Structures are given as structure tokens and as C-alpha cells.
Amino acid sequence: MNDQFFIGIDVGGTKILGGLVTACGEIIASKKIPTPPKASAKQIIAAVEKVVRDLVQASGTPLKSILGIGIAIPGIVDNSGKVVVTPNLSLDNVDLKKIFAKTFKTKVVVGNDVNMGVLGEQWLGAGRKAKNIVGIFPGTGVGGGIIIRGEFISGTQGAAAEIGHMSVD
């Protein structure tokens, strides 16, 4: 049996979705909860922590078997894993990487949600055999991600493909 797992968390304006996966990408468990409305950074962090703990508990996986956690955020994240700005969430200037690495004692990667989504499509999805990929993800906002000749294009501030965040009533 595989005893090495990863957790992926997608933090969105309306939901927080998590998955516990094997190194091959097989989904072992998933958990979805609503993002607390008008939540503070502290409330969002607590909700993400709950999703991680629920995934571990539901699957019976020991926390020490989690080799890493990836957290996808709708906004700009710097290379250190600190959130710079999130248009739809109260996470501006929050160092999620540091917080969750300390809490769960494992490696944590934090990145823009669409950038991470495009990398996922390149790994196991529609972009598996493609050298060039453009992803546009409409949600609470509209984000984009680009891979050219197999290389991810992030730009100088990690927002090369951000095509806009707008609310439509």
C-alpha cells in the first residue's frame, strides 16, 4: 500500500476544495466546504486547516504520511509563498506557506489558483501531450495561465496571464 500522500487545496471565493492524492495523482479522498462569507484571514486559515484535518481523518492516513500540501489562491502569490493580493478574499500579505508548514510540519507550496490548475492539466489533464497551453478559468473572478514550449510563464510578479477579476451581477 502507498504510504506517501499529498494534499491539494483550492481556496476560492465561494468554496474550499481539498483532495488527498497519491504521487501518481490518484484521488484517495476529497472534501468541499463553503468559504465563510466575508471571512477574515484567520477564518479562512481555520477553514483550510479543517479541510486538511478532515481529509487525513476520513482517509485514515497518518499526518506523517503527508509529504506536501499545495494551496491554490485566487490572486498574486510571490515566489516565497506569501500572498501579495487576493481580490476576493482577505488574505493580502498573509504568509500561508509559513503558517501551514508550521502547523502541519510538512512542505507547503502556495501559488495562484489558475497557474496551479494549468500545471495540473499539463501533468494529468487535457494538456498532457501539449507543449503550449493556455488556460482560462472563470469563477468568482477570471484567471489565466500559460505554458509555452513546456515552460510555465509567470511574469515578473507572477501575474503574466491574469486577464481580469470582475464580478458580474
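Thresholds, definitions, all that
- Residues numbered from 1 in each chain as written.
- Predicted model: local features only at pLDDT ≥ 70, side-chain atom pairs only at ≥ 80, totals over all residues.
- Heavy atoms only, no water.
- Pairing = 2+ DSSP bridges.
- Helix = DSSP H or I, 4+ residues; strand = E, 2+ residues; numbered from the N terminus.
- Axes fitted to C-alpha atoms, helices over the stretch in contact; angles between N-to-C directions.
- Contact = heavy atoms within 4.5 Å.
- Buried < 20%, exposed > 50% of the residue type's maximum accessible area, 1.4 Å probe, protein only.
- Polar contact = N/O pair within 3.5 Å; in protein donor to acceptor, adjacent residues only side chain to side chain.
- Phe/Tyr/Trp six-rings, centres within 6.5 Å; stacked < 30°, edge-to-face > 60°.
- Salt bridge = Lys/Arg side-chain N within 4 Å of Asp/Glu carboxyl O.
- Parallel < 35°, antiparallel > 145°, perpendicular 65-115°, else oblique.
- Left-handed = near helix turned anticlockwise from the far one by under 90°.
- Nonpolar A, V, L, I, M, F, W, Y, C, P; charged D, E, K, R; others polar.

## Section: the sheet that holds strand E9 (residues 142-148)
The sheet built from three strands is open, its strands ordered E8-E9-E10 with antiparallel pairing. The sheet terminates laterally at strand E8 (133-138) and strand E10 (151-153), the two strands that pair on one side only. Neighbour to neighbour, the strand axes of the sheet diverge by 25° on average, direction disregarded. Bridge count between E9 and E10: three bridges; the pairing is antiparallel.

## Remarks on the sheet that holds strand E3 (residues 27-34)
The strand order E3-E2-E1-E4-E7 describes an open sheet built from five strands, whose pairing is mixed. Because the sheet does not close on itself, it has two edges, and the strands there are E3 and strand E7 (107-112). Going from strand to strand, the sheet's axes swing by 15° on average, the running direction of each strand aside. Bridge count between strand E2 (residues 15-22) and E3: seven bridges; the pairing is antiparallel. Bridge pairing in E3 places Leu17 opposite Lys32. Sitting on the sheet, helix H3 (residues 113-124) touches strand E1 (5-11), strand E4 (66-73) and E7, and the angle it makes with E7 is about 105°.

## A closer look at the side chain of Thr106
With respect to the helices, strands and loops of the structure, Thr106 is situated in the loop between helix H2 (96-104) and E7. Residue classification places Thr106 among the buried positions, given a relative accessible area of 14%. Separated by 3.5 Å, the side chain of Thr106 and the backbone nitrogen of Gly68 make a polar contact. With near-sequence residues (within four places) excluded, Thr106 lies in contact with Ile66, Leu67, Gly68, Ile69 and Ala101.

## Observations concerning the packing of aromatic side chains
Inspection of every chain in the model, using the stated rule, returns one aromatic pair. Between Phe100 and Phe104, the aromatic rings sit 6.2 Å apart at their centres with planes inclined by 10°, giving stacked as the arrangement. With Phe100 and Phe104 both in helix H2, this residue pair falls four residues apart, about one helical turn. Each member of the pair, Phe100 as well as Phe104, is classed as buried.

## Looking at the pattern of salt bridges
Tallied over the entire structure, the rule returns four salt bridges. Residue Glu49 pairs with Arg53 through a salt bridge whose shortest N-O separation is 3.1 Å. Within this pair, Glu49 and its partner Arg53 are both found in helix H1 (residues 41-59), separated by four residues, close to a single helical turn. On the accessibility criterion, Arg53 (38% relative accessible area) is partly exposed.

## Re the packing of H1 against H2
Contact geometry of H1 with H2 gives a least axis separation of 12 Å together with a crossing angle of 40°. One element, H1, and the other, H2, form an angle in the oblique class. Judged by the twist between their axes, the crossing of H1 over H2 is right-handed. Of H2, the residues touching H1 (which contributes Ile45, Val48, Glu49, Val52 and Arg53) are Leu96, Ile99, Phe100, Thr103 and Phe104. Class assignment for the residues of the contact of H1 with H2 results in seven nonpolar, one polar and two charged.

The values reported here are purely geometric and, on their own, carry no functional implication.
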